[in-house]
Amino acid sequence: QVQLVESGGGSVQAGGSLRLSCAPSGYSYSMAWFRQAPGKEREGVAAIDRYSSTTYADSVKGRFAISKDNAKNILYLQMNSLKPEDTAMYYCAARLLATMTFPLRAYQYNYWGQGTQVTVSS
């Protein structure tokens, strides 16, 4: 079973940056970041597959960047120009597939981390 542990969350002011990390206990081809704010549905933020093809939610394009360190098997989410609406619990997700048709759909993933909180103040 693959276990995912997120880190790097915290509190920043609007316009600031954070970098989230996800360390899987096992190997995963496709990985993604999701977020969920109180009272709102889980939202796909960014995804990356085996071939490093990336997919971003429209709300974060140009501001967030997903990447992976294949040697260390670590997933990252660089978040720049943060906005208060980015405030949420961020989750790392994974599935043992090389690529997926709908990489930002939560149901596509079967492994989830416990989440790391990101709070952006105005």
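In what follows, the structure referred to is the one given above.
The rules we used
Residues numbered from 1 in each chain as written. Predicted model: local features only at pLDDT ≥ 70, side-chain atom pairs only at ≥ 80, totals over all residues. Heavy atoms only, no water. Pairing = 2+ DSSP bridges. Helix = DSSP H or I, 4+ residues; strand = E, 2+ residues; numbered from the N terminus. Axes fitted to C-alpha atoms, helices over the stretch in contact; angles between N-to-C directions. Phe/Tyr/Trp six-rings, centres within 6.5 Å; stacked < 30°, edge-to-face > 60°. Buried < 20%, exposed > 50% of the residue type's maximum accessible area, 1.4 Å probe, protein only. Lys NZ or Arg CZ within 6 Å of the ring centre and 35° of its normal. Polar contact = N/O pair within 3.5 Å; in protein donor to acceptor, adjacent residues only side chain to side chain. Contact = heavy atoms within 4.5 Å.

Considerations on the sheet that holds strand S7 (residues 64–69)
Next up, step 1: Strand order across the open sheet formed by four strands is S1-S3-S8-S7, with antiparallel pairing between neighbours. The sheet is open, and its two edges are formed by strand S1 (4–7) and S7, each paired on a single side. Adjacent strand axes in the sheet meet at a mean angle of 15°, parallel and antiparallel pairs treated alike.
Next up, step 2: Pairing of S7 with strand S8 (residues 74–79), which is carried by six bridges, proceeds in the antiparallel orientation. When the sheet's bridge partners are listed, Ala-65 is paired in S8 with Gln-78.

Things to note about the packing of aromatic side chains
Next up, step 1: By the definition in use, this model includes three aromatic pairs.
Next up, step 2: Centroid distance Phe-34 to Tyr-109: 5.5 Å. Interplanar angle 75°. Geometry classified as edge-to-face. Of this pair, Phe-34 sits in strand S4 (residues 30–36) while Tyr-109 sits in the loop between strand S9 (88–95) and strand S10 (111–112), and the two are 75 residues apart along the sequence.
Next up, step 3: Accessibility expressed as a relative area gives 1% for Phe-34, which makes it buried.
Next up, step 4: Grouped by ring-pair contacts, the aromatic residues Phe-34, Tyr-109 and Trp-112 constitute a single cluster.
Next up, step 5: A cation over an aromatic ring shows up here: Arg-42 above the ring of Tyr-91, its NZ or CZ 5.8 Å from the ring centre.
Next up, step 6: For the cation-ring pair, Arg-105 lies above Phe-102, with the distance from its terminal atom to the ring centre recorded as 5.0 Å.

Points about the side chain of Ser-30
Next up, step 1: Within the fold, Ser-30 resides in strand S4.
Next up, step 2: Separated by 2.6 Å, the side chain of Ser-30 and the backbone oxygen of Leu-97 make a polar contact.
Next up, step 3: Of the polar contacts made by the side chain of Ser-30, one reaches the backbone oxygen of Ala-98; its length is 3.5 Å.
Next up, step 4: Residue contacts for Ser-30: discarding those within four places in its chain leaves Ile-48, Asp-49, Ala-93, Ala-94, Arg-95, Leu-97, Ala-98, Thr-99, Met-100 and Tyr-109.

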